[in-house]
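# Inside the fold
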Amino acid sequence: METTGAAQPPTGTPADLATALRTCLAPLRSCRASDGAVGYVLRGTGPEVLAALDDVRSTPAGKMVSAGGNWRDEHVAPVADLQPGWSSEAGDAARLVVYRDAPADVLARFGHLLHALTTSDRPDSTTWLTTLTDNVLKATGSRSEASHRARTRWTPDLVSEVAGAGGAPGRTPVHTTLATLLHIDDDGYSTHRYALLATDAGDAFLARHADVLPEIVTAAGPGPRRLLTLRCARDAEQHAGLLAALTVDEDLSVRAEALAALAWLGGPRQVELLRPHLRTAAPDRLGAVLRRLSDVDGGPAAIRDALRAPEGHAASSSPSMCRSRRTRPRWTS
């Protein structure tokens, strides 16, 4: 129930952040849930408020908080009656302050709250971190200076910190962050999450966690694999092992992008990276790799070695590959 006193922020919380959060959550006042929600997000008290929001989710107040944006006067007026001066614009401006200034634990609880208010038409794979990230991207989508300042803060490192603070599901916060930013749903929002990786900060994050990427790629669909391939191509040597593995990916476009990225490396390095896959990859994925190797120093010898290996796929495919380019068989790309 709504209490008579406003929830007090924890010691050290900036006054403008507390005010901004109350403004952002003001529509919940009409449901007598505002103070409980503010107290939970700021201090982590009363987490049972999330369960209570089930009854609020489908109301205009719940949708105004979960979605933000402009709302008709008939929805704004009841909120302004309870909090004079409130408007959709004020709510959106307050949300930007939250995303710009709130510490990771507050952001995590804000994400849990938004997720509790999100309608059930989102995909089953949607998590509170997904909901929060999508909301950040939507809220910071304009070209205003306030949006830019808030958006600039949201790097993969911050997403990972928020994931850890909020106990997001996943092996580690890094795994969860990469899976969240690369996962593509059919809801029209998820493709924008990749934008947080398509930055200098995103490149640095991928480089620091290069050891995690093969595991993420294994679980990802072809769309995310292609996006990751394109980003990793910006530093082909840093991600050389992953790119080499992707040259024999099941998806043709992923194979093509990965092989194009490796072209920036020297011939001997390409041979070193591609040689192991000649004996392990499915034959119908090796065509472009074999053509590349046939054109670089040391490549034909690597092919001959693979052809001689009794367990190698290439050995059972065509011994003519090592003879001459003019007699090369037609391999699948």
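Up top is the structure these notes are about.
Residue numbers run consecutively from 1 along every chain, following the written order of its sequence. Selection of residues for local features in this predicted model requires a pLDDT of at least 70, selection of side-chain atom pairs for listing and counting requires 80 or more, and totals for whole chains, interfaces and linings are taken over all residues. For the side-chain quantities, the full set of heavy atoms in the structure was used; hydrogens and water were omitted.

## Remarks on helix α6 (residues 88-101)
Taking 1.5 Å per residue as the helical rise, α6 with its 14 residues ought to reach 20 Å, and the 20 Å between its terminal C-alpha atoms agrees with that figure. Working definition: with a 1.4 Å probe on protein chains only, accessible area under 20% of the residue-type maximum means buried, over 50% means exposed, and in between means partly exposed. Here a helix means four or more residues in a row that DSSP labels H or I, a strand means two or more in a row labelled E, and each is numbered from the N terminus. Residues of α6 that are buried: S88, G91, A94, R95, L96, V97, V98 and Y99. By definition here, a helix of n residues has an expected span of 1.5 Å times n minus one.

## A look at the packing of α6 against helix α9 (residues 145-153)
Axis definition: a line fitted to C-alpha atoms, limited for helices to the stretch in contact. Angles are taken between N-to-C directions and run from 0 to 180 degrees. Close contact between α6 and α9 brings their axes to 8 Å; oriented N to C, the two are set at 30°. Seen from above, α6 lies across α9 with left-handed handedness. Only A146, S147, R149, A150 and R153 of α9 make contact with α6, whose side of the interface consists of L96, V98, Y99, R100 and D101. Side-chain classes are defined by residue name, with Ala, Val, Leu, Ile, Met, Phe, Trp, Tyr, Cys and Pro counting as nonpolar, Asp, Glu, Lys and Arg as charged, and the others, Gly among them, as polar. Its residues placed into classes, the contact of α6 with α9 shows 5 nonpolar, 1 polar and 4 charged. Throughout, a crossing is termed right-handed when the near helix is turned clockwise from the far one, and left-handed when it is turned anticlockwise from it by less than a right angle. Residues count as neighbours in contact if any of their non-hydrogen atoms are within 4.5 Å of one another.

## Remarks on the nonpolar core
Grouped together as the largest cluster of nonpolar side chains are 88 residues, with contacts concentrated most on Y99, F110 and V162. It is helix α7 (residues 104-117) that provides the largest number of residues to this core, a total of 9 residues. In contact with F110, not counting residues within four places along its chain, are L21, C24, L25, V41, R95, V98, Y99 and L132. For our purposes a nonpolar core is just a set of buried Ala, Val, Leu, Ile, Met, Phe, Trp, Tyr and Cys residues, chained together by side-chain atoms within 4.5 Å. Membership of the second largest hydrophobic core comes to 5 residues, among which are A26, M64, V76 and W86.

## Focus on the packing of aromatic side chains
Any pair of Phe, Tyr and Trp rings, taking the six-membered ring for Trp, is counted once the centres come within 6.5 Å. Such a pair is stacked with planes under 30 degrees apart, edge-to-face with planes over 60 apart, and tilted for the rest. This structure, assessed with the given rule, holds 2 aromatic pairs. On the basis of an interplanar angle of 70° and a centroid distance of 5.8 Å, the ring pair of Y99 and F110 is categorised as edge-to-face. Of the two residues, Y99 sits in helix α6 while F110 sits in helix α7, which places them 11 residues apart along the sequence. When its relative accessible area of 0% is taken as the criterion, Y99 is described as buried. Judged by its relative accessible area of 0%, F110 is buried. The structure contains a cluster of three or more aromatic residues connected by ring pairs, namely Y99, F110 and W154.

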